[in-house]
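Fold and contact review
What follows is each chain in one-letter form.
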Amino acid sequence: MDITAEEFGLGLGPHLFRDVTATAIVDHAPELADLIPRLLGHRDPRSCQPYIQQASTTAAARTLEDVIERRLGRSMTPHEKNQRAALLDRLEKRR
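A brief report on the enclosed structure follows. (Residues numbered from 1 in each chain as written. Predicted model: local features only at pLDDT ≥ 70, side-chain atom pairs only at ≥ 80, totals over all residues. Heavy atoms only, no water.)

1. Regarding the overall build of the chain
When you go through the chain residue by residue, the secondary structure sums to five helices and zero strands. In sequence order, the secondary structure elements of the chain are arranged as α-α-α-α-α. Relative to the 2.2 N^0.38 estimate, which gives 12 Å for 95 residues, the radius of gyration of the chain is 18 Å and therefore markedly larger than a compact globule would have. Scored against the burial criterion, the 95 residues of the chain give a buried share of 18%. Restricting the contact set of the chain to residue pairs at least 6 apart, pairs at least 24 apart contribute 33%. When the accessible area of the chain is evaluated, it comes to approximately 7700 Å², of which 57% is carbon and sulfur surface. Between the mean site of the 14 positive side-chain charges and the mean site of the 14 negative ones, the chain shows a separation of 8 Å. (Helix = DSSP H or I, 4+ residues; strand = E, 2+ residues; numbered from the N terminus. Rg over C-alpha atoms; globule rule 2.2 N^0.38 Å. Buried < 20%, exposed > 50% of the residue type's maximum accessible area, 1.4 Å probe, protein only. Contact = heavy atoms within 4.5 Å. Areas by Shrake-Rupley, 256 points an atom, 1.4 Å probe, with all protein chains shown as cover. Lys, Arg positive; Asp, Glu negative; His and termini not counted. Charge placed at Lys NZ, Arg CZ, Asp CG, Glu CD.)

Right, here's the structure in full:
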């Protein structure tokens, strides 16, 4: 906890740090989720199943988001597109 407090300003216990690592992989590179068991030192890959499932769900959600965006983009006026972009920007800042 001392090392993470020094490096990040927040003391994270080993298990929480590992959880954050796995979640970061899922969030930023879901295609690399199969690396999680090796990175976390798990002998049984099934112990990482929640993270891998989250990666699949995240990838599917992004694909669906892209499809919806393309379909909406075709039928929206420029003003509606600007309003939607502003709304998405506000939502992104809340994350």
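Having seen it, we continue.
2. Some remarks on the nonpolar core
Counting nine residues, the largest nonpolar core is built from Ala22, Ile25, Val26, Ala33, Ile36, Leu40, Cys48, Tyr51 and Ala55. Looking at this core, the elements with two or more residues in it are helix H2 (14–28), helix H3 (36–40) and helix H4 (49–75). Sort the elements by how many residues they give to this core and H2 lands first, with three residues. When residues no more than four places from it in sequence are discounted, the contact partners of Ile25 are Pro30, Leu32, Ala33, Ile36 and Leu39. (Core = buried A, V, L, I, M, F, W, Y, C linked by side-chain atoms within 4.5 Å.)

3. Comments concerning the pattern of salt bridges
A full pass over the atoms with the stated rule returns two salt bridges. The salt bridge involving Arg46 is made with Asp44; its shortest N-O contact spans 2.8 Å. Taking the relative accessible area as the measure of exposure, Asp44 reaches 32% and is therefore partly exposed. Between Glu69 and Arg84 there is a salt bridge, with the nearest N and O atoms lying 2.3 Å from each other. Within this pair, whereas Glu69 is found in helix H4, its partner Arg84 is found in helix H5 (residues 78–94), the two being separated by 15 residues in sequence. (Salt bridge = Lys/Arg side-chain N within 4 Å of Asp/Glu carboxyl O.)

4. Points about the environment of Leu87
Counting through the fold element by element, Leu87 comes out in helix H5. For Leu87, a relative accessible area of 40% translates into the label partly exposed.

5. Observations concerning the environment of Arg74
By the secondary structure assignment, Arg74 is in helix H4. We classify Arg74 as exposed; its relative accessible area is 68%. Along the primary structure Arg74 and Gln54 are separated by 20 residues, whereas in three dimensions their C-alpha atoms are 30 Å apart.

6. Focus on H2
In this model, H2 (15 residues) spans 21 Å end to end at C-alpha, consistent with the 21 Å of a helix rising 1.5 Å per residue. Where H2 is concerned, the buried positions are Ala22, Ile25 and Val26. When H2 is viewed along its axis, its buried side chains cluster within an angular range of 100° and face the same direction. Buried residues along H2 sit against H3 and H4. (Expected span 1.5 Å × (residues − 1). Arc of directions from axis to C-beta.)

7. A short note on a nonpolar patch on the surface
A contiguous nonpolar surface patch, about 250 Å² in accessible area, is contributed by Leu64, Ile68 and Leu72. Counting through the fold element by element, Ile68 comes out in helix H4. (Patch = residues over 30% accessible without salt bridge, like charges linked within 9 Å, V, L, I, M, F, W, Y side chains within 5 Å.)

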